[in-house]
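Tertiary structure, described
Here's the letter readout for the chains.
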Amino acid sequence: MKIKVWGCRGSLPTPGPENTIYGGNTSCIQVTHGETCIILDGGSGILRLGKYLNPNVKEIHVLFSHLHLDHTMGLGFFYPLIQSVY
């Protein structure tokens, strides 16, 4: 099992050089086990996750801790979701 934090900021994304160490994306955590990926929250971090998602992942589950904007704002830009629509 692998866990990666793609975003940990609250309320608003904070891009910029002052956040290169810890990142500036809002809440998004990836848990991968074999061909399954569980995504905890869909904040702005889910955008980068979608770009770098391992092609061996066959099953994706997205779980939301709650529905505030900072936990859902990236879902419309999540490449695997957009790709499946078009």
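Structure: see above.
**Here we look at the nonpolar core**
- W6, C28, C37, I39, I46, L49, L53, V57 and F78 together form the largest nonpolar core, which totals nine residues.
- With near-sequence residues (within four places) excluded, C28 lies in contact with K4, V5, W6, G7, I39, L40, D41, G43, G45, I46 and L49.

**Examining the state of the cysteines**
- Under the definition given, this model contains zero disulfides.
- For the unlinked cysteine C8, the closest cysteine sulfur is that of C28, found at 11 Å.
- Free of any disulfide, C28 has its nearest neighbouring cysteine sulfur in C37, separated by 8.4 Å.

**Observations concerning the sheet that holds strand β2 (residues 28–33)**
- Overall, mixed pairing links the four strands, which are arranged β1-β2-β3-β4 in an open sheet. Edge strands, defined here as strands with exactly one partner in the open sheet, are β1 (2–7) and β4 (59–63). Each neighbouring strand pair of the sheet contributes to a mean axis angle of 20°, computed without reference to strand direction.
- Here strand β3 (residues 36–40) runs beside β4; their pairing, made up of five bridges, is parallel. Looking across to β4, one finds that I39 is bridged to V62.

**Notes on the environment of P80**
- As for its position among the elements, P80 is in helix α2 (residues 79–85).
- With relative accessibility at 21%, the residue P80 sits in the partly exposed group.
- Taking the C-alpha atoms as reference points, P80 and T36, 44 residues apart in sequence, are found 14 Å from one another.
- Apart from residues no more than four positions distant in its own chain, P80 is found in contact with G50, L53 and I60.

Calculation rules
- Residues numbered from 1 in each chain as written.
- Predicted model: local features only at pLDDT ≥ 70, side-chain atom pairs only at ≥ 80, totals over all residues.
- Heavy atoms only, no water.
- Core = buried A, V, L, I, M, F, W, Y, C linked by side-chain atoms within 4.5 Å.
- Buried < 20%, exposed > 50% of the residue type's maximum accessible area, 1.4 Å probe, protein only.
- Contact = heavy atoms within 4.5 Å.
- Disulfide = S-S within 2.5 Å.
- Pairing = 2+ DSSP bridges.
- Helix = DSSP H or I, 4+ residues; strand = E, 2+ residues; numbered from the N terminus.
- Axes fitted to C-alpha atoms, helices over the stretch in contact; angles between N-to-C directions.

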